[in-house]
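# Descriptive analysis of the structure
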Amino acid sequence: MRLNYFKSKLFLKYIWSYLFILLIPLILMTIFIYESAVSNLRTEIEQSRLGQLTQTKVIIDGRMKELSEIASRVSYDTRLTPYRVHDPIYSGEAIQALDQYKATSSIIDEMFLYFHKDNKIYSSKGLSNIDVFAKSFSFQNWKKETLFRDLDQVKFPTMRPADMVSNSSQLQETKLAYLIPITPNSPTPHGTIMYLIKESELSNLIDSVLGTFQGMTYILDNNGQILVDNRQGEALTNAEAKSLFNNLTPGIHDRTLNGKAHSIVSVKSKNNGWTYVTIMPSSQFFSSVLHVRSFIIMLFVIVVIVGAAIALLLAKMQYQPISMLVEFAASKSNSKRPVDGSIVSGNELDRIWTTLQEYSSRIDLQEPFARNHFLSMLLKYGSAQSLTPELQEAFDLEFDCSHHFVMVIAWDEDIQNERAERQDMIHLLTQIEFPELAAHGYGVELSQLDQLGLIISFNLNNQMDEFSHVRQIVEAVRSNMLETFDIIPMIGVGTCYSSPDQLNQSFIEACSAFELRVSTGHGSVTYFEKLSYTPDHAFWIPNNTLMKLAQSLKQGSYDVAAQMIHSAIQSLRTSELSASLTRCISYDLLNTILKTSSEIGNHNLMQEMAPNLMYSNSLDELERSLLNLASQICDQVEQNNQKEEQSIIDQIVGYINEHYMDHTLSLETVAFEFGISPSHVSRSFKEKMGLNFIQYIWQNRMEEVMHQLKTTNDPLKDIILKVGYMDTPNFIRKFKKETGYTPGQYRKMFSQSDSIGLEPNLEDE
C-alpha cells in the first residue's frame, strides 16, 4: 500500500466506513447484553422493593389500627368521661389513664383528649387551657383557629401531613397529627383523640425499602396529600409530586422526572386508603452491572483490532479504481497534479465531478430547453441527420417512421393567460403517442405564447391513403386536447414528407395554412394541401409553391425559399414555352417575393432590385437574382428578429432589475408578462446576456445583499427575505461559496474597513 493513500480524506473515510460497518454487530450485541443484564437486575430490585413496600404498608396499617383501638378504648373508659375529667377529685386519674394508653404504642409521641366546645385539653402530662396549649405546641402550617375547629368538627379519622412543631422550650420537630373522633364510628362524636407522631417513627419504617440506593419514599393519604416523605439524594417539589401522584396507580411504572428516567413502585392500603410510593433513578441500575463492562471492553478492543486490519484491506480495494479515475481526470483537466503523486486537498470524487462538469459544460445540454432548441432548429433548417444516436437517446427522440409532417396549434387568448393550463398543455404535447395510428409526436414551443408546433411521425397503414391517415392523427390530437383541457384548438397542417430532413418545409406549409385559414373560430383545421390550387394549364407556377415561398421569406428560412425558387425555375425550363410567356410567368415569383418584402416592411429593396430583375436575359440569371433577393430578405428578417429579440431582452432585463426582489419572479412569470414562451426567453436570454435567467437573478440579489451588509445593520434573515430569497441557510452556503466568507464575516470585515461602526449580527453566523 502506498503511503500517500493516507493523505486522502476519501481513503480515510472508506476505512472509517468499514470500521463502522464491522462495529455495528458489536454495538448491537453489547446493547443486547447490557440491556438484558440491566433489565434483569432492575426487575429483581423492583420486585424486591414491591415486597418491602408491601411489608411496610402492613406494619404501618397495623400501627394505625392500634391507634384506632386505643381511641375506642378511651371512649368507653369511665375514667375519661367528661364528668370525671372535669371533676377535680378524679381528674388526676384521667391524666394517669391517658399516660397509660400512650405507653401502649411506641409511635405515640404525645396523646391529647379534647371534648367538643370545651376550653381545655387533656394530655398524659396534665390539663391545659386552650391558649396555653396553643403556645406550648405551635404548628407551622396549622393555625390555632383551624386546629380547634378541626378538633370540634372532625367526624372521621384524619391524618395531618408532617408539620414543623415548636414547643415551649423552642425545640422544633417534624410531627404528624392523627385525629380520631370518639366514640369511633359514631355520627355524633362528643370529643376527639389527637396523637402527635414523630415523622421519623414512620420514615424509619420505610428506610429499609431503598437500602443502598438513592431515591425517595412517600406516604400519601386517600386525597393524594403527602403525609411522610423520606429522601436520599434528590427531592421533588410539591407541584411535581402532586402532578406525579394524581394519576398514579398501584404497581411498577417508568416515568421521566427532571429530565431523567425513574422507576416508581406503588402499593395502596385497603384499610385507610393510604398509598406508599418509592421513586428511584433508573441510572443506578446500569452502574450495578460492573462485570458486564469488563467483558464488553475486552470484546470491543479485540474486534476493533481485527476490524481495523480488514477495513484497511477493503478500503484499499475500494479506493484503487477511484484513484485510477482521479489519475485520468487529472490528465484531462486543466488543473495540474503534484509531481510527487500525493493527493491534493479536496475530495477525489469532487475532482472527478469537476472534470465531468467541464465536459458537460462543453456540450451545454440543458433539458428541456436544449431539446426544444434542437426541435426548433429542426423546424427551421430540417437537418434531422445531425441528430446522432447519442442525442436521440438524450432527447428521447425517434424519426424512424416512414412519414412526417408538422402541425401548428393555437388557442384562444384567454387560455394563454392561464399559466397552469399552458404548462399542462405543453407537458401533454411534449411527447404524445397514438399506438392505434402507429404515430407519435413531439411538441415544440414556438416564440409566440399562444402557439405550439407538433412534429408527427407515423407509419402509413396500407389500407388507408396518406391524407386520410394525416386527418385521423389531427383529429386524435384535437380530441385529446378537448378531453383533457376542454379546448378545441385552431390547427394548421403541413404536407406529409417521407424524410425528416424536409420537416422545415412542412413547418413552413403549416404556418401558411394557419395564416391563411378560412375560419378563425374554435376548432378550425386548415390543411396546406387543400389551400394549394394548380390550374389546368401546367405552365403556371403552382399556388402552393408561391405560398411556401412567401411563408419561408416571412420565417427567414432561406433553404426553403431557395428550394421553391429552384423548383419553379426548373419547371419553367422544362415547359418549352416562349421566352415572352416564360418571362410573364416568372413575374409570379417576383411579385410574390416583392409583395412579401413589402409586407415585412422592406420597401427599399423592392425599389432597388425590381427594375434589374425585369430585364434579366436568361432563367439562370433570373434564378440567381431571385435567390439573391430572397437571401437579402431572409437576412433582413433575421436582423429584424435579432433586433426585436434584443429589444425584448432589454425590456426583460429592465423588468428583472425592477422586480428581482419579488420571490415569485420566475421564468414563467416573465414569459407570460411579455407574451413569449419560456423556452424562447431562456434561450434568447442566455444568448444575449451570456448567463442564464436564474444566474442573473441570483447575481442581482447577491449584489443587493452585499450592499445591505455594508451599509445597514439589519438582521441577515430580514435582508435575505427582502431581496426575495426564501431559503436562508441555502443562501448563506452559496454566499460563502462565492465570496469565501459567511455574511457575518463579510459584514464585520467591511464595517471595520469602512469605519461605519456596524456591529455584526450573531445570527448571521
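One can find the structure itself at the top, above this paragraph.
Cut-offs applied
Residues numbered from 1 in each chain as written. Predicted model: local features only at pLDDT ≥ 70, side-chain atom pairs only at ≥ 80, totals over all residues. Heavy atoms only, no water. Helix = DSSP H or I, 4+ residues; strand = E, 2+ residues; numbered from the N terminus. Buried < 20%, exposed > 50% of the residue type's maximum accessible area, 1.4 Å probe, protein only. Contact = heavy atoms within 4.5 Å. Core = buried A, V, L, I, M, F, W, Y, C linked by side-chain atoms within 4.5 Å. Expected span 1.5 Å × (residues − 1). Pairing = 2+ DSSP bridges. Axes fitted to C-alpha atoms, helices over the stretch in contact; angles between N-to-C directions. Parallel < 35°, antiparallel > 145°, perpendicular 65-115°, else oblique. Left-handed = near helix turned anticlockwise from the far one by under 90°. Nonpolar A, V, L, I, M, F, W, Y, C, P; charged D, E, K, R; others polar. Patch = residues over 30% accessible without salt bridge, like charges linked within 9 Å, V, L, I, M, F, W, Y side chains within 5 Å. Areas by Shrake-Rupley, 256 points an atom, 1.4 Å probe, with all protein chains shown as cover. Salt bridge = Lys/Arg side-chain N within 4 Å of Asp/Glu carboxyl O.

Turning to the overall build of the chain, a few remarks are in order. Scanning the chain from terminus to terminus reveals 28 helices and 19 strands. Evaluated residue by residue, the chain yields a buried proportion of 45% over its 765 residues. Partitioning the intrachain contacts of the chain with sequence separation of at least 6 by distance along the chain shows that 63% fall at a separation of at least 24.

Residues Met64, Leu67, Met111, Leu113 and Tyr195 are the most contacted members of the largest nonpolar core, which totals 36 residues. Sort the elements by how many residues they give to this core and helix H1 (residues 9-76) lands first, with seven residues. Residue contacts for Leu67: discarding those within four places in its chain leaves Ser105, Ile107, Ile108, Tyr178, Ile180, Tyr195 and Ile197.

To continue, consider helix H24 (residues 678-689). End to end, H24 covers 16 Å across twelve residues, agreeing with the expected 16 Å (1.5 Å per residue, within 8%). Pro678, Ser679, His680, Val681, Ser682, Arg683, Ser684 and Phe685 are the residues of H24 that are buried. Backbone geometry just downstream of H24 places Gly690 in the positive-phi region, at approximately 85°.

Moving on, we get to the sheet that holds strand S17 (residues 451-458). Spatially, S15-S16-S17-S14-S18-S19 is the arrangement adopted by the six strands of the open sheet, whose pairing is mixed. For this open sheet the edge positions go to strand S15 (431-434) and strand S19 (525-527), each flanked by a neighbour on one side alone. For this sheet the average axis-to-axis angle between neighbouring strands, irrespective of direction, equals 20°. Of the strand pairs in this sheet, strand S16 (residues 439-445) and S17 are connected by seven bridges, and their pairing is antiparallel. From the neighbouring strand, Ala439 faces S17, where its bridge partner is Phe458. Packed on one face of the sheet, helix H15 (residues 466-485) meets strand S14 (403-410), S15, S16, S17, strand S18 (490-493) and S19 and runs near 35° to S14. Together, S14, S17, S18 and S19 form the strand contacts of helix H16 (residues 503-515), whose direction differs from that of S14 by roughly 35°.

This next bit is on the pairing of S17. In terms of burial, S17 is largely enclosed, as eight of its eight residues are buried. The alternating pattern of S17 places Gln451, Gly453, Ile455 and Ser457 on one face and Leu452, Leu454, Ile456 and Phe458 on the opposite face, and all of these are buried. Direction of pairing for S14 relative to S17: antiparallel, over a ladder of eight bridges. Note that in S17 the partner of Val406 across the bridge is Ile455. In textbook terms, the turn of a hairpin is the stretch between consecutive antiparallel strands, and for S16 and S17 this stretch comprises five residues.

Another point: the packing of helix H22 (residues 619-659) against helix H23 (residues 667-674). Orientation of H22 relative to H23, taken along the N-to-C sense of each, is 125°, at an axis distance of 11 Å. With respect to their mutual orientation, H22 and H23 come out oblique. In the packing of H22 onto H23, the handedness of the crossing is right-handed. Contacts between H22 and H23 pair Gln651, Ile652 and Tyr655 from the former with Val670, Glu673 and Phe674 from the latter. For the contact of H22 with H23, the class distribution of residues is four nonpolar, one polar and one charged.

All right, on to the packing of H16 against helix H18 (residues 543-555) then. Between H16 and H18, the least distance of the axes is 9 Å, while the angle of their chain directions is 100°. Considered as vectors, H16 and H18 are oriented roughly perpendicular to each other. Packed against H16, whose contacting residues are Gln505, Phe507, Ile508, Glu509, Cys511, Ser512 and Glu515, the element H18 presents Met547, Lys548, Gln551, Ser552, Lys554 and Gln555 at the interface. A class-by-class count of the residues in the contact of H16 with H18 yields four nonpolar, five polar and four charged.

Moving on: a nonpolar patch on the surface. On the surface, Phe295, Ile297, Met298, Phe300, Val301, Ile302, Ile305, Val306, Ile310, Leu313, Leu314 and Met317 cluster together into a nonpolar patch covering about 1100 Å² of accessible area. Locating Ile297 in the fold gives a position in helix H9 (residues 290-332).

Turning our attention to the environment of Lys57. Topologically, Lys57 is positioned in helix H1. Given a relative accessible area of 17%, Lys57 falls into the buried group. Put simply, Lys57 and Lys268 are 211 residues apart on the chain and 7.9 Å apart in space, counted from C-alpha to C-alpha. Apart from residues no more than four positions distant in its own chain, Lys57 is found in contact with Val267, Lys268, Ser269 and Tyr276.

A word on the environment of Ala550. For Ala550, the location among the structural elements is in helix H18. Classification of Ala550 by relative accessible area gives buried; the value is 16%. Contacts of Ala550, omitting those with residues within four sequence positions, involve Thr592 and Thr596.

Residue Thr183 follows Ile182 across a cis peptide bond; omega there is 0°. Mapped onto the elements of the fold, Thr183 is located in the loop between strand S7 (172-182) and strand S8 (191-198). Positioned with a positive phi, Asn185 is a non-glycine residue whose angle comes to about 65°. For Asn185, a relative accessible area of 82% corresponds to the exposed category. Residue Ala438 is not a glycine yet carries a positive backbone phi of 55°. Secondary-structure assignment places Ala438 in the loop between S15 and S16. Owing to a relative accessible area of 37%, Ala438 belongs among the partly exposed residues under this scheme.

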